[in-house]
Amino acid sequence: MKFTPLPLEGAYRLDLERKGDSRGFFARLFCEEEFADHGLSTDWSQCNVSHSAAKGTVRGMHFQRPPEADAKLVKCMQGAVFDVIVDLRQGSPTYGSWTSVTLSAVGGEMIYVPEGFAHGFQTLTDDAELLYFHSKSYSPQHEGGLLFSDRDVGIVWPLEIGTLSDRDKSLPPLSQVEPIS
C-alpha cells in the first residue's frame, strides 16, 4: 500500500498496490505491520457497509466522542464518492479545517480518518457503496455531528445537494460543537 499524508495531521490517503495479470489483480486492503509503521490504528472492532442509491446524496458529518472516539478506514466498493473529513481535535493547529479525497471502486483508493475528526461524503454516482472499518464499536451515547453546510467550515461539495437525512440537516455548526480532546 502507498500511504500519502493529507493536509490534516494523522489522516492519509491509501492507494492499493495492485499485482495483476490476465486474470485481474490482487491487492492488500490492510497490513498490521504497515499501518503500525505509520502510527495508525491496527485494531478494527467493527466493519460496516453504507449504500446510497442516488447521486448527490450527502451523509455526514459524523464522529464519536471519547472514550469511544474511533479511527476509520473507508473504501468505496461501488461507484464513487467525494469523501470529506473535518479536524475537531482540541488544540489542533488545523481545528475546523477540512480536506477531501475522491474514492472510487475503479481507483481502489481509501482514506484513513484518525480519532477526533468528523467524516462525511457526497455520492458522485448512483448506487455508491462504502466499506468502513472502525477502531471502536458504535456507541449511540457518544455520537456527534457537524452541519454539512456550516459556512465557518466551508466545505465545497462538488454537486448540488441531493438526498439528506433530517438528522444531518439538523446537526449543529462548528461554533456549537465542543472540540474533541
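Residues numbered from 1 in each chain as written. Predicted model: local features only at pLDDT ≥ 70, side-chain atom pairs only at ≥ 80, totals over all residues. Heavy atoms only, no water.

Caption draft 1: Spotlight on the overall build of the protein chain. A tally of helices and strands in the protein chain yields two helices and 13 strands. In terms of overall dimensions, the protein chain has C-alpha extents of about 55 × 35 × 30 Å along its principal axes. Of all 181 residues assigned to the protein chain, the portion counted as buried reaches 47%. Within the protein chain, contacts between residues separated by at least 24 positions form 78% of all contacts whose residues are at least 6 apart in sequence. (Helix = DSSP H or I, 4+ residues; strand = E, 2+ residues; numbered from the N terminus. Buried < 20%, exposed > 50% of the residue type's maximum accessible area, 1.4 Å probe, protein only. Contact = heavy atoms within 4.5 Å.)

Caption draft 2: Broad picture of the nonpolar core. Core analysis: the biggest nonpolar cluster contains 18 residues, and Met-61, Val-86, Leu-88, Ala-118, Leu-146, Ile-155 and Trp-157 have the highest contact counts within it. Secondary structure elements with two or more residues in this core: β6 (58–64) and β8 (80–87). Apart from residues lying up to four places away in sequence, Ile-155 is in contact with Met-61, Val-84, Val-86, Trp-98 and Phe-148. (Core = buried A, V, L, I, M, F, W, Y, C linked by side-chain atoms within 4.5 Å.)

Caption draft 3: Representation of the pairing of strand β2 (residues 12–15) in the model. Of the strand pairs in this sheet, strand β1 (residues 2–5) and β2 are connected by four bridges, and their pairing is antiparallel. Note that in β2 the partner of Phe-3 across the bridge is Leu-14. The turn linking β1 back onto β2 is made up of six residues, and Gly-10 within it adopts a positive phi angle of 95°. With three bridges connecting them, β2 and strand β10 (residues 110–113) associate as antiparallel partners. (Pairing = 2+ DSSP bridges.)

Caption draft 4: Structural view of the side chain of Glu-34. Within the secondary structure layout, Glu-34 lies in helix α1 (residues 32–37). A distance of 3.5 Å separates a polar side-chain atom of Glu-34 from the backbone nitrogen of Met-1. Contact partners of Glu-34, with chain neighbours within four places excluded, come to Met-1, Phe-3 and Arg-28. (Polar contact = N/O pair within 3.5 Å; in protein donor to acceptor, adjacent residues only side chain to side chain.)

Caption draft 5: Focus on the environment of Met-61. Secondary-structure assignment places Met-61 in strand β6. On the basis of relative accessibility, which here comes to 0%, the residue Met-61 falls in the buried class. Residues Met-61 and Leu-171, spaced 110 residues apart in sequence, show a C-alpha to C-alpha distance of 8.3 Å.

Caption draft 6: Local environment of the sheet that holds strand β11 (residues 117–123). The strand order across the open sheet formed by five strands is β9-β8-β11-β6-β13, and the pairing between neighbours is antiparallel. Of all the strands in the sheet, just β9 (98–104) and β13 (143–145) have a single pairing partner and so form its edges. On average, each strand axis in the sheet is tilted by 25° relative to the strand beside it, whichever way the strands run. For β6 and β13, the ladder comprises three bridges, and the chain directions are antiparallel. Pairing of Phe-63 across the sheet is with Gly-144, part of β13. (Axes fitted to C-alpha atoms, helices over the stretch in contact; angles between N-to-C directions.)

Caption draft 7: A look at the sheet that holds strand β7 (residues 72–78). Judged by pairing direction, the sheet is antiparallel, and its six strands sit side by side in the order β1-β2-β10-β7-β12-β5 without closing on themselves. One side of each edge strand has no neighbouring strand; the edge strands of this open sheet are β1 and β5 (46–52). On average, each strand axis in the sheet is inclined to that of its neighbour by 25°, with strand direction left out of account. Direction of pairing for β7 relative to β10: antiparallel, over a ladder of four bridges. Across the sheet, the residue bridging to Leu-73 is Tyr-112, located in β10.

Caption draft 8: Here's a closer look at the packing of aromatic side chains. A full pass over the atoms with the stated rule returns 10 aromatic pairs. Measuring from ring centre to ring centre gives 6.2 Å for Phe-3 and Tyr-12, while their planes differ by 85°; the resulting arrangement is edge-to-face. Assessed through its relative accessible area of 14%, Tyr-12 is described here as buried. Taking 5.4 Å as the distance between ring centres and 80° as the angle between the ring planes, the aromatic pair formed by Phe-3 and Phe-35 counts as edge-to-face. Taken as a pair, Phe-3 in strand β1 and Phe-35 in helix α1 lie far apart in primary sequence, 32 residues in all. The exposure classification of Phe-3 matches that of Phe-35, with both residues buried. By the ring-pair criterion, three or more aromatic residues cluster together here, those being Phe-3, Tyr-12, Phe-30, Phe-35, Trp-44, Tyr-112 and Phe-133. (Phe/Tyr/Trp six-rings, centres within 6.5 Å; stacked < 30°, edge-to-face > 60°.)

Fair warning: the whole summary comes from geometry, so function is off the table for now.
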